[in-house]
There are 2 protein chains.
Amino acid sequence: MSILTFVGAGQMASALSFPVTQNGHQVRLVGTPLDRDIIDVARKTGFHATLKRQLPPKGVKYYQIEEITAALDGADAVLCGVSSFGVDWFADNILPLIPENIPLLSVTKGMIDLEDGSMITYPHYFASKLPQGKKLSINAIGGPCTSYELADGDHSAVAFCGDDIEILRMFKQLFESPYYHISLSTDVIGVECAVALKNVYALGVSLAVGLAQGPDGTGIQHFNSQAALFGQSMKEMKNLLLLMGGHEDNIIYGAGDLYVTIFGGRTRKIGALLGRGFSFDDAISELEGVTLESIVIATRTARSVRRLAEKGIIDLSDFPLLIHVDNIINNGAAVDIPWKSFETEKI
Amino acid sequence: MSILTFVGAGQMASALSFPVTQNGHQVRLVGTPLDRDIIDVARKTGFHATLKRQLPPKGVKYYQIEEITAALDGADAVLCGVSSFGVDWFADNILPLIPENIPLLSVTKGMIDLEDGSMITYPHYFASKLPQGKKLSINAIGGPCTSYELADGDHSAVAFCGDDIEILRMFKQLFESPYYHISLSTDVIGVECAVALKNVYALGVSLAVGLAQGPDGTGIQHFNSQAALFGQSMKEMKNLLLLMGGHEDNIIYGAGDLYVTIFGGRTRKIGALLGRGFSFDDAISELEGVTLESIVIATRTARSVRRLAEKGIIDLSDFPLLIHVDNIINNGAAVDIPWKSFETEKI
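Residues numbered from 1 in each chain as written. Chains lettered and ligands numbered in written order. Predicted model: local features only at pLDDT ≥ 70, side-chain atom pairs only at ≥ 80, totals over all residues. Heavy atoms only, no water.

In the annotation of an unreviewed UniProt entry, chain A is listed under the name Glycerol-3-phosphate dehydrogenase and assigned to Acetobacterium bakii. Chain A has a UniProt comment under Sequence similarities (unreviewed entry) that states "Belongs to the NAD-dependent glycerol-3-phosphate dehydrogenase family." Listed in UniProt under the heading Catalytic activity (unreviewed entry), the comment for chain A reads: "sn-glycerol 3-phosphate + NADP(+) = dihydroxyacetone phosphate + NADPH + H(+)". (UniProt positions renumbered as here; feature names shortened; annotations may be inferred.)

Written out as structure tokens, the structure is:
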């Protein structure tokens, strides 16, 4: 039996307690300061308020953030379960507490753009934030997996990535189950970049959902236009993968993740609202001000691409969908898909 | 004004009469022997019985197959509009009638496997069936485009492929419209292979639709499992593209086409029925015996892959989803997704 400390009691981390406890391991679920109520309720009733599921009846112990030291004591591995908005909090408050010999696995999807236009993954960002001289094995989970379905034991296929294949194999042994299927890759940039980008492009494809629904939202679905944007997304994601130094084979994870993201949740909803003609501000207020990871990653990626284009490293015309999404989000542009700019001639 | 002779009055060819006539060109729509009723009705009323749309009021003339000589007389280009089940009929009866200087554009999607395990595209098959010494420019349309949406003027992005970029540009000029977006490629194998394979894998992904629906068809949709099969499909399609000699960039067309095919029509329906637990024969009879292109192409592709594996050229374990689909269709296997065989380790 191993002991795993999950820091962040959001939906995905909490859903991961199912395969781990079913494998006979123990989970210590630690809430961030934002998870206080979730931990309180779960401790009393076993019910997770946002995942809307009973957590595993055996094998999960609950901790508030003040109990982090006890939660880390004797742990065999740590899971970072914060969203991309909690990355700095995690880096500042939790990374320093994790002993060097305890490997970390992160569920956070996203990337960060730097001043020079380059983008880095969260594992690399975490590594850059470690106290001087400290070494830590930082690994991450990518791939298409919604937390509800994972909690319900539906089949899901993901990739664990990190520098050390032996540590990845150890993590796979802890998490793999008859329904949770894990591939391993040492191409951290490739996996992380692919799954971060899908958020950008899920918003892009969802514009076609809204265009078909029309201003009053009653239009019937069209799929040719969604498929066209899906294909264009794949093309731009492949280019971005290569640009960021990942192997383009990771488009496999990006494609599956793009596919699942288009079907559900807030990214589809905001893309559809924008496609129907809502301004960005109106669309956001329809979502009651929820801050969306797709908006953040689209903004960062576009900022990076624009900087690299200014430097002459890339050509902006290779990313027309990204730039259009960015113009909608950040420059007040109306939705007007640049179809003709998607056309290519390949001789 | 150009004159285009469309041979085959099915849904896709007939839908293509919209952009062409809107561009001021004339379409001569020639029914195959199977299209007799369609032509009869359309000639009288302008209504297309299977496309379920009024065809363009101006610019379309209707011909029965006996009038093919008149229909070809003075034509600037010919469109082959038959389904894959009409390919031999077209090769035997129409190819010999097309003058050498008149280029051909084919909408037929699919591939044919040869005795040695290799697969060829329909343009290459047509070329092999030309009367000895005859030269003809044979081009094709690939990419995600359903005929109903094309007829309704929804945005669609496709690729025209062929050996001669000048002829492709000429075709693009005839067909392109504010809603019909055309890329060009001289990689005929790549485009044709990608769009043929999507039919195989749309069936594969749809198995997850049926597994979620369950035996009685009432289960709710799950997307993690669809996304996992989508990703696996992309991986196998990329491998097949390379194997058949196409550039893997064409996965862009395959992905968009896979996306749209999963949403509609008979391939999704049969995949879902199989996923729910219907035997292949029962599933087919639910569809009232309609012969499906996806079944044909899956069978051909699997036969090709098995032959190449016997020869030691490839490893069957690189195509677990294809082989499973083939075993369901042709060997009476029950649906039992080989999830574990999808897992990879990439160092």
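The next thing to look at is the packing of helix α8 (residues 188-213) of chain B against helix α9 (residues 224-244) of chain B. Residue and element names in this part refer to chain B. Closest axis-to-axis distance for the α8/α9 pair is 9 Å, and the angle between their directions is 155°. On the basis of the axis angle, α8 is roughly antiparallel to α9. Once α8 is placed against α9, the crossing between them reads as right-handed. Between α8 and α9, the residues in contact are Ile189, Gly190, Cys193, Ala194, Leu197, Lys198, Tyr201, Gly204, Val205, Ala208 and Val209 and Ser225, Gln226, Leu229, Phe230, Ser233, Glu236, Met237, Leu240, Leu241 and Met244, respectively. (Axes fitted to C-alpha atoms, helices over the stretch in contact; angles between N-to-C directions. Helix = DSSP H or I, 4+ residues; strand = E, 2+ residues; numbered from the N terminus. Parallel < 35°, antiparallel > 145°, perpendicular 65-115°, else oblique. Left-handed = near helix turned anticlockwise from the far one by under 90°. Contact = heavy atoms within 4.5 Å.)

To continue, consider the relation of the copies chain A and chain B. Mapping chain A onto chain B is achieved by rotating through 180° and translating by 0.0 Å along the same axis, at an RMSD of 0.0 Å. Here the transformation between the copies is reduced to the relation of a two-fold axis. A shared interface surface links the copies, since 100% of the contact residues of chain A are contact residues in chain B too. (Least-squares fit on C-alpha atoms with pLDDT ≥ 70 in both.)

Below, the discussion takes up a negative patch on the surface. A contiguous patch of negative charge, built from A:Asp281, A:Asp282, A:Glu286 and A:Glu288, is present on the exposed surface. For A:Asp281, the location among the structural elements is in helix α12 (residues 280-286). (Patch = residues over 30% accessible without salt bridge, like charges linked within 9 Å, V, L, I, M, F, W, Y side chains within 5 Å. Areas by Shrake-Rupley, 256 points an atom, 1.4 Å probe, with all protein chains shown as cover. Salt bridge = Lys/Arg side-chain N within 4 Å of Asp/Glu carboxyl O. Lys, Arg positive; Asp, Glu negative; His and termini not counted. Charge placed at Lys NZ, Arg CZ, Asp CG, Glu CD.)

Another point: the nonpolar core. Of all hydrophobic cores here, the largest spans 111 residues; its most connected members are A:Phe230, A:Tyr259, A:Ile270, B:Phe230, B:Tyr259 and B:Ile270. Residues contacting A:Tyr259, with those up to four places away along its chain left out, are A:Phe230, B:Val205, B:Gln226, B:Ala227, B:Phe230, B:Tyr259 and B:Ile262. (Core = buried A, V, L, I, M, F, W, Y, C linked by side-chain atoms within 4.5 Å. Buried < 20%, exposed > 50% of the residue type's maximum accessible area, 1.4 Å probe, protein only.)

Those places that UniProt annotates as "domain: Glycerol-3-phosphate dehydrogenase NAD-dependent N-terminal" (unreviewed entry) correspond, in this numbering, to residues 5-160 of chain A. This span, residues 5-160 of chain A, is 30% helix and 25% strand, and a straight line between its end C-alpha atoms measures 17 Å.

Glancing now at the interface of chain A and chain B. In this complex, chain A contributes 55 residues to the contact, which on the side of chain B involves 55 residues. Overall, the association of chain A and chain B removes approximately 4,700 Å² of surface from exposure, summing both partners, and the carbon and sulfur fraction of that is 57%. When the area that chain A buries against chain B is broken down by residue, the three leading residues are A:Asn224, A:Tyr259 and A:Lys346, summing to 17%. Our count for the contact surface shared by chain A and chain B stands at eight salt bridges. One salt bridge connects A:Glu345 with B:Arg169, and the closest N-O pair in it is separated by 2.6 Å. On the surface where chain A and chain B come into contact, there are 36 residue pairs in polar contact (both at pLDDT 80 or more). Within the residue set of the side of chain A that touches chain B, elements represented by two or more residues are α6 (147-151), β11 (156-161), α7 (165-175), β12 (180-185), α9 (224-244), α10 (251-263) and β13 (345-346) of chain A. In terms of residues, the side of chain A that touches chain B owes the most to one element, α9(A), which gives 10 residues. Of the residues that constitute the side of chain A that touches chain B, the class distribution is 25 nonpolar, 17 polar and 13 charged. With two bridges joining them, β13(A) and strand β12 (residues 180-185) of chain B adopt parallel strand pairing. (Buried area = accessible area lost by both parts, 1.4 Å probe. Polar contact = N/O pair within 3.5 Å; in protein donor to acceptor, adjacent residues only side chain to side chain. Nonpolar A, V, L, I, M, F, W, Y, C, P; charged D, E, K, R; others polar. Pairing = 2+ DSSP bridges.)

Right, let's get into unusual backbone geometry. One non-glycine residue, A:Lys52, lies in the positive phi region at around 60°. For A:Lys52, a relative accessible area of 52% puts it in the exposed group.

All names here are of chain A. For chain A, the domain assignment lists domain 1 (3-186) and domain 2 (196-342). Listed as interface residues are 20 residues of domain 1 and, on the opposing side, 19 residues of domain 2. In this assembly, domain 1 packs against domain 2 so that about 1,700 Å² is buried in total across both faces, 58% of it on carbon and sulfur atoms. Across the domain 1-domain 2 interface, the total number found is three salt bridges. On inspection of domain 1 and its partner domain 2, the count reaches nine residue pairs in polar contact (both at pLDDT 80 or more). Considering each element in turn, the side of domain 1 that touches domain 2 owes the most residues, three residues, to strand β8 (residues 111-113). (Domains from an automatic or database assignment.)

Below, the discussion takes up the sheet that holds strand β5 (residues 60-63) of chain A. Here we have nine strands laid out as an open sheet, ordered β5(A)-β2(A)-β1(A)-β6(A)-β7(A)-β10(A)-β11(A)-β12(A)-β13(B), and mixed in their pairing. Edge strands, defined here as strands with exactly one partner in the open sheet, are β5 of chain A together with β13 (345-346) of chain B. Where α7(A) meets the sheet, it contacts β1 (3-7), β6 (77-80), β7 (104-106), β10 (138-142), β11 and β12 of chain A together with β13 of chain B, and its direction lies at approximately 180° from that of β12(A).

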